[in-house]
Amino acid sequence: MASSNSKSTNETARKNFKILLTNPRIKVSWVKAHAGNIGNERADQLAKDATQLGNPIHILSFLKRTEKGLLRKRMLEERQTLWKNGDTDRKIYNIMPSVSLRPTNWIREDVIFFSQHGPFPAYLKRFHLSDSDYCSCGGIGTALHYATECIYTVSWHMRKPAPNFEQEWLKRVANNLVSRHKIRGIIKFISENRDLFRPP
């Protein structure tokens, strides 16, 4: 191939050779024509378009952008499949069922509350880190308990949802900045005053 020959006098081939030298990850190989290879079919079409239109086409920059887009799409699809079919983080999945490249702007306290993996007696008992799942106020020490009914966190309380609307409530709280500030206050308060919440 002329583009991989350093002695070629063809100007385009020499430009391609320089690109190949500076980008060792790019591999050039022969591909059988019309064998259903998507990249090869697209390259053929671009070459035909270039000869018919007479305009220079910057194929390498186009291919790089296209390849990045395809890789990003494939990566998101694979991550979505893993996320949907996984058996961990189901509480977060129920709030955010779709993966995205956009940041959620969640901080540590948000993750602790919505995953319910934190200084909650119900969580600690589940993993045998506590003998009781009760809060010192007498209620079951879940994230929802602290957000809606514990006497020690009354300054940050929100209206308690009906049991069959709990998941919808969590989604609404996750998408409401004022509610998320309340959650952050609760988690910080619990973390700084752990002794207060230990069951008697």
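Residues numbered from 1 in each chain as written. Predicted model: local features only at pLDDT ≥ 70, side-chain atom pairs only at ≥ 80, totals over all residues. Heavy atoms only, no water.

- Per an unreviewed UniProt entry, the recorded name for the chain is RNase H type-1 domain-containing protein, and the organism is Araneus ventricosus.

1. Re the environment of Pro97
Line of reasoning, step 1. Looking at where Pro97 falls in the secondary structure, it is placed in the loop between helix H4 (90–95) and helix H5 (108–115).
Line of reasoning, step 2. Owing to a relative accessible area of 35%, Pro97 belongs among the partly exposed residues under this scheme.
Line of reasoning, step 3. Each C-alpha atom, one on Pro97 and one on Gln80, is 8.4 Å from the other, the two residues being 17 residues apart in sequence. (Helix = DSSP H or I, 4+ residues; strand = E, 2+ residues; numbered from the N terminus. Buried < 20%, exposed > 50% of the residue type's maximum accessible area, 1.4 Å probe, protein only.)

2. Observations regarding the nonpolar core
Taken as a class, soluble globular proteins show a tendency for nonpolar side chains to be buried jointly.
Line of reasoning, step 1. Counting 26 residues, the largest nonpolar core has Phe113, Phe114, Phe120, Tyr146 and Trp169 as its most contacted members.
Line of reasoning, step 2. Within the residue set of this core, elements represented by two or more residues are H4, H5, helix H7 (143–148), helix H8 (166–174) and helix H9 (177–192).
Line of reasoning, step 3. Leaving out residues up to four positions away in the same chain, Trp169 has contacts with Phe113, Leu144, Ala147, Thr148, Met158, Arg159 and Pro161. (Core = buried A, V, L, I, M, F, W, Y, C linked by side-chain atoms within 4.5 Å. Contact = heavy atoms within 4.5 Å.)

3. What to know about H8
Line of reasoning, step 1. Buried within H8 we find Trp169, Leu170, Val173 and Ala174. For H8, the angular spread of the buried residues around the axis is 135 degrees, confining them to a single face.
Line of reasoning, step 2. Among the structural elements, H4, H5, H7 and H9 are those in contact with the buried residues of H8. (Arc of directions from axis to C-beta.)

4. Looking at the state of the cysteines
A covalent bond between the sulfur atoms of two cysteines is what we call a disulfide.
Line of reasoning, step 1. For the structure on display, the rule yields zero disulfides.
Line of reasoning, step 2. Of the cysteine sulfurs around Cys135, a residue in no disulfide, the closest is that of Cys137, at 3.6 Å.
Line of reasoning, step 3. Relative accessible area serves as the criterion here: at 1%, Cys135 is assigned to the buried category.
Line of reasoning, step 4. Cys150 takes part in no disulfide bond, and the closest cysteine sulfur, belonging to Cys135, lies 3.8 Å away.
Line of reasoning, step 5. Taking the relative accessible area as the measure of exposure, Cys150 reaches 0% and is therefore buried. (Disulfide = S-S within 2.5 Å.)

5. Quick look at the layout of surface pockets
Line of reasoning, step 1. Taken as a whole, the second largest pocket spans an internal volume of roughly 280 Å³.
Line of reasoning, step 2. Forming the boundary of the second largest pocket are Arg79, Trp83, Ile92, Met96, Ser98, Val99, Ser100, Arg102, Pro103 and Thr104.
Line of reasoning, step 3. Partitioning the lining of the second largest pocket into residue classes produces five nonpolar, three polar and two charged. (1 Å grid on protein atoms, 1.4 Å probe; cavity = no way out; pocket = protein on both sides within 12 Å on 5 of 7 lines; lining within 4 Å. Points joined across faces, edges and corners; volume = space filled by probe spheres on them. Nonpolar A, V, L, I, M, F, W, Y, C, P; charged D, E, K, R; others polar.)

6. Observations concerning the packing of aromatic side chains
Line of reasoning, step 1. One pass over the structure, following the stated rule, counts nine aromatic pairs.
Line of reasoning, step 2. Between Trp83 and Tyr93 the ring centres are 5.7 Å apart and the planes differ by 70 degrees, which places this aromatic pair in the edge-to-face class. Placement of the pair is Trp83 in helix H3 (residues 59–85) and Tyr93 in helix H4, with a sequence separation of 10 residues.
Line of reasoning, step 3. Considering the side-chain rings of Tyr123 and Phe127, the 5.0 Å spacing of their centres and the 55 degrees angle between planes classify their relative orientation as tilted.
Line of reasoning, step 4. By relative accessible area, Phe127 is classed as partly exposed at 41%.
Line of reasoning, step 5. Here a set of aromatic residues connected by ring pairs shows up, and it is made of Phe120, Tyr146, Tyr152, Trp156, Phe189 and Phe197. (Phe/Tyr/Trp six-rings, centres within 6.5 Å; stacked < 30°, edge-to-face > 60°.)

7. Let's talk about unusual backbone geometry
Line of reasoning, step 1. A positive phi angle, near 65 degrees, is found at Asn105, a position not held by glycine.
Line of reasoning, step 2. In this fold, Asn105 is placed in the loop between H4 and H5.
Line of reasoning, step 3. Positioned with a positive phi, His128 is a non-glycine residue whose angle comes to about 60 degrees.
Line of reasoning, step 4. Note on placement: His128 falls in the loop between helix H6 (121–126) and H7.
Line of reasoning, step 5. Overall, His128 belongs to the exposed group, its relative accessible area being 72%.

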